[in-house]
Amino acid sequence: MKAKINEIFESIQGEGPVVGYKQLFIRFCNCNLNCNYCDTEFNEGQEYSAQGLYDKITKEYNLSTIHSISLTGGEPLLSVGFLEEFLPLIKGETKVYLETNATLDQNLERISKYIDIISADIKLESATGLNTKTLHENFFEKCKTINTFAKIVFDENITKQEIENCILLGKKYNIELILQPKMIGNKMSVSSDFCNELLNEFTKKYPNCRLIPQVHKFLDVR
């Protein structure tokens, strides 16, 4: 199996609970969604076999200095056949961190034993134009044995019903919810007051929530 990889680079994780850690990012091409706020160009890339990618990253990077390998995209789970071959090779070298849109539950099931941390997006229809509620339900059912948190990218259009739906998912699957304001360049698209009020709306019903903007945008790193 081969996969098309857009880029491979070291940087600082700027989102979620592992913010600030050094990671090796492997960005996969292609995605099964088309979110309104997506700012990632991921269609161009180079094809690798599983062994070829393993050889490249182990020769060019010191994996002992990183927190984990971030499989990102695009949507990495579209390349599940490739990951079934690649992840057993890399698993003994470092932790595996999967960034996913949380819609491909059957693909996750095929590689779940190799994943250490899942960063799963809860897609709000008000921010993405997509209704993925049922897909997320199915996905989180498959995450129960994996360290998982959910990231919620929002703007001023977030609705009361969306807040309730996210809280219900958090409670049902006992996952931490990370509220992430939509960015315009390196600035938040909403005010600090709006962020604080929204966090209050969440935490009064589900305390396991945090608000973390995209820190790498402020640091001016990828």
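Criteria and cut-off values
- Residues numbered from 1 in each chain as written.
- Predicted model: local features only at pLDDT ≥ 70, side-chain atom pairs only at ≥ 80, totals over all residues.
- Heavy atoms only, no water.
- Helix = DSSP H or I, 4+ residues; strand = E, 2+ residues; numbered from the N terminus.
- Expected span 1.5 Å × (residues − 1).
- Buried < 20%, exposed > 50% of the residue type's maximum accessible area, 1.4 Å probe, protein only.
- Arc of directions from axis to C-beta.
- Polar contact = N/O pair within 3.5 Å; in protein donor to acceptor, adjacent residues only side chain to side chain.
- Pairing = 2+ DSSP bridges.
- Right-handed = clockwise from strand over helix to strand, strands pointing away.
- Patch = residues over 30% accessible without salt bridge, like charges linked within 9 Å, V, L, I, M, F, W, Y side chains within 5 Å.
- Areas by Shrake-Rupley, 256 points an atom, 1.4 Å probe, with all protein chains shown as cover.
- Salt bridge = Lys/Arg side-chain N within 4 Å of Asp/Glu carboxyl O.
- Core = buried A, V, L, I, M, F, W, Y, C linked by side-chain atoms within 4.5 Å.
- Contact = heavy atoms within 4.5 Å.

### Let's talk about helix α6 (residues 160-173)
Phase 1 of the analysis: For α6, with 14 residues, the first-to-last C-alpha span of 20 Å sits near the 20 Å given by 1.5 Å per residue.
Phase 2 of the analysis: Those residues of α6 not exposed but buried are E162, I163, C166, I167, L169, G170 and Y173. Relative to the axis of α6, the buried residues are bounded by an arc of 160° and lie together on one face. Exposed residues on α6 whose side chains face more than 90 degrees from its buried face are K160 and L168.

### Structural notes on the environment of S64
Phase 1 of the analysis: In this structure, S64 sits in the loop between α1 (50-60) and β4 (68-72).
Phase 2 of the analysis: Separated by 11 residues in sequence, S64 and L53 place their C-alpha atoms 17 Å apart.
Phase 3 of the analysis: In terms of polar contacts, S64 uses its side chain to reach the side chain of N62, at 2.6 Å.

### Examining the pairing of strand β5 (residues 95-100)
Phase 1 of the analysis: Summarising burial for β5: five of the six residues are buried, a large majority.
Phase 2 of the analysis: Pairing analysis gives four bridges linking β4 to β5, with the strands arranged parallel. Paired with S68 across the bridge in β5 is K95.
Phase 3 of the analysis: For the segment spanning β4, helix α2 (residues 80-90) and β5, crossover handedness is right-handed.
Phase 4 of the analysis: Taken together, the four bridges between β5 and strand β6 (residues 117-121) define a ladder with parallel strand orientation. Paired with Y97 across the strands is I117, a residue of β6.

### Topic: a nonpolar patch on the surface
Phase 1 of the analysis: A contiguous nonpolar surface patch, about 210 Å² in accessible area, is contributed by I12, L219 and V221.
Phase 2 of the analysis: Mapped onto the secondary structure, V221 falls in the segment after α8 (215-219).

### Side note on the nonpolar core
Phase 1 of the analysis: Of all hydrophobic cores here, the largest spans 58 residues; its most connected members are I26, I57, F86, L87, F140 and F202.
Phase 2 of the analysis: Tallying contributions element by element places α2 first for this core, with six residues.
Phase 3 of the analysis: Apart from the residues lying within four places of it in its own chain, the contact partners of L87 are L71, V96, I111, Y114 and I115.
Phase 4 of the analysis: Of all hydrophobic cores here, the second largest spans six residues; its members include V18, Y97, I117 and I212.

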